[in-house]
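Examination of the molecular architecture
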Amino acid sequence: MNVKTWFITGAARGLGRALTEAALDRGDRVAAAARDTRELAKLAEAFGDLVLPVRLDVTDRAAVQDAVGAAREALGRLDVVVNNAGFGINGAVEEATESDVRSIFEANVFGALWVTQAALPHLRDQGAGHIVQVSSVAGVAAFPMIGLYCASKAALEALSESLAAEVAPMGVKVTLVEPGAMRTDWAHRSMRRAGGALEAYATQYEARLEAMADEFEGRSPGDPARIAAAMLDLVDLDDPPLRILMGNGAYDAAVSRYRGVLDEWARWEAVARGTDFPVRVP
């Protein structure tokens, strides 16, 4: 197996950390990007020149361009680019402030876009590469009280589907990884409360917190190490999937939601087909 060179955002914690460690353990090289590189110090001590800590705020487009370029220069090439950085917001859609909306889209959508745009010239020049977008089951099956997070991941899904078709002729692959609840600190350091809390949604908000009890208490079923191992296998495939769900809950929720959508479209097929201009018979 050829040694791969990675650029991973959000590498200090959670799935990004698990993936960084898994890649390094098998002898790959990783440019590990994080807002605070102090959390990467132990990796640098353990793996030496195999890891390149990169201080990066993915919402800063100019900084992203510089960081990706510097990583490419230092490591010689980029084989796999993983857009993992991001966070969530709990709260109803009506409760979202302008700051909430802009901040989550800046990180979860624009950040991934800036990294992708910065990496693509290098991947195109190589005629090969793999962009892995860490999405979520919430990008394909939206849930109440996390609408902003769902919207950001749905945007990433659509963006990446178009991207995949555009870059395939250039030898570049794209995969959307769609995990369910994982045993990370997503529900803690990577989760915020919508800024415009309203009493009208208090009951729903409390229900949402209760539903997230396993995540708050570190009992989520998703194993970041197992997901990381699956991602290593994915990037070694000649023909990787565009989308792949991770976790039993994610699979069941997404399949159920899509079946429901197909059923609803079928029930309204006559209306859909009745909205074109009539076909003229010669």
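Coordinates for the structure precede this section.
For the structure given in this document, a descriptive report is provided here. Predicted, not measured: the structure shown is a model, and the values here were computed from it.

What follows concerns the sheet that holds strand β6 (residues 129–134). With parallel pairing, the seven strands of this open sheet are ordered in space as β3-β2-β1-β4-β6-β7-β9. Each of the sheet's edge strands pairs with one partner strand only, and the pair in question is β3 (51–55) and β9 (243–246). Adjacent strand axes in the sheet meet at a mean angle of 15° when their direction is disregarded. Relative to strand β2 (residues 29–34), strand β1 (residues 5–8) is paired through four bridges, and the arrangement is parallel. In the sheet register, Thr5 faces β2, and the bridge partner there is Arg29.

Here the focus is the side chain of Ser152. With respect to the helices, strands and loops of the structure, Ser152 is situated in helix α5 (residues 147–167). A residue is classified by how much of its surface remains accessible, and Ser152, at 0% relative accessible area, is buried. There is a polar contact of 2.7 Å between the side chain of Ser152 and the backbone oxygen of Tyr149. For Ser152, the residues in contact, after removing those within four places along its chain, are Ile104, Phe105, Asn108 and Val109.

This paragraph deals with the packing of helix α4 (residues 98–126) against α5. Angle between the axes and distance between the axes: these two values describe a pair of packed helices. As a packed pair, α4 and α5 sit with axes 9 Å apart at the nearest point and diverge in direction by 20°. Judged by the inter-axis angle, α4 sits roughly parallel to α5. When you trace α4 past α5, the crossing you get is right-handed. For the pair α4 and α5, the contacting residues are Asp100, Val101, Ile104, Phe105, Asn108, Val109, Ala112, Leu113, Thr116 and Leu120 in the first and Leu148, Tyr149, Ala151, Ser152, Lys153, Ala155, Leu156, Leu159, Leu163 and Val167 in the second. Within the contact of α4 with α5, the residues separate by chemical class into 15 nonpolar, three polar and two charged.

A few words on helix α3 (residues 61–75). Note that an α-helix has 3.6 residues per turn; residues three or four places apart therefore point the same way. Along its 15 residues, α3 runs 21 Å from first to last C-alpha, staying within 8% of the 21 Å computed at 1.5 Å per residue. For α3, the secondary structure elements touched by its buried residues are β1, β2, β3 and α4. Among the residues trailing α3, Gly76 stands out with phi positive, at a value near 95°.

This paragraph deals with the packing of aromatic side chains. Counted according to the given criterion, the structure contains one aromatic pair. Pairing Phe110 with Trp114 gives two aromatic rings, centres 5.8 Å apart and planes at 15°, and the pair type is stacked. Note that Phe110 and Trp114 are positioned in helix α4 at a spacing of four residues, about one turn of the helix. The partly exposed category is assigned to Phe110, whose relative accessible area is 32%. The ring of Tyr205 is capped by Arg193, whose NZ or CZ atom sits 3.7 Å from the centre of that ring. Against the face of Phe143 rests Arg257, its NZ or CZ located 5.6 Å from the ring centre.

Within the largest apolar cluster, 29 residues are counted, with the highest numbers of intra-cluster contacts made by Trp6, Leu19, Val82 and Met231. Those elements giving two or more residues to this core turn out to be β1, α1 (14–25), β2, β4 (80–83), β6 and α8 (224–235). Residue contacts for Trp6: discarding those within four places in its chain leaves Leu19, Ala23, Arg26, Asp28, Arg29, Val30, Ala31, Leu75, Val80, Val82, Leu232 and Val235. Grouped together as the second largest cluster of nonpolar side chains are 25 residues, Ala31, Ala33, Ala67 and Val172 included.

Another aspect to go through is the environment of Ala228. You can see Ala228 is positioned in helix α8. Once the C-alpha coordinates of Ala228 and Ala18 are considered, the two residues, 210 residues apart in sequence, prove to be 6.1 Å apart. Residues in contact with Ala228, not counting those within four places in the same chain, are Leu15, Ala18, Leu19 and Ala22.

Counting buried positions along β6 gives six out of six residues, so the element sits mostly inside the fold. Here β6 shows a buried face lined by Gly129, Ile131 and Gln133 and a second buried face lined by His130, Val132 and Val134. Alignment of β4 against β6, held across four bridges, turns out to be parallel. If you follow Val81 over to β6, its bridge partner there is Ile131. Bridge analysis of β6 against strand β7 (residues 172–179) gives six bridges, and the strand direction is parallel. Counterpart to Val134 in the pairing with β7 is Val177. Crossover β6 to β7 through α5 is right-handed.

Analysis parameters
Residues numbered from 1 in each chain as written. Predicted model: local features only at pLDDT ≥ 70, side-chain atom pairs only at ≥ 80, totals over all residues. Heavy atoms only, no water. Pairing = 2+ DSSP bridges. Helix = DSSP H or I, 4+ residues; strand = E, 2+ residues; numbered from the N terminus. Axes fitted to C-alpha atoms, helices over the stretch in contact; angles between N-to-C directions. Buried < 20%, exposed > 50% of the residue type's maximum accessible area, 1.4 Å probe, protein only. Polar contact = N/O pair within 3.5 Å; in protein donor to acceptor, adjacent residues only side chain to side chain. Contact = heavy atoms within 4.5 Å. Parallel < 35°, antiparallel > 145°, perpendicular 65-115°, else oblique. Left-handed = near helix turned anticlockwise from the far one by under 90°. Nonpolar A, V, L, I, M, F, W, Y, C, P; charged D, E, K, R; others polar. Expected span 1.5 Å × (residues − 1). Phe/Tyr/Trp six-rings, centres within 6.5 Å; stacked < 30°, edge-to-face > 60°. Lys NZ or Arg CZ within 6 Å of the ring centre and 35° of its normal. Core = buried A, V, L, I, M, F, W, Y, C linked by side-chain atoms within 4.5 Å. Right-handed = clockwise from strand over helix to strand, strands pointing away.

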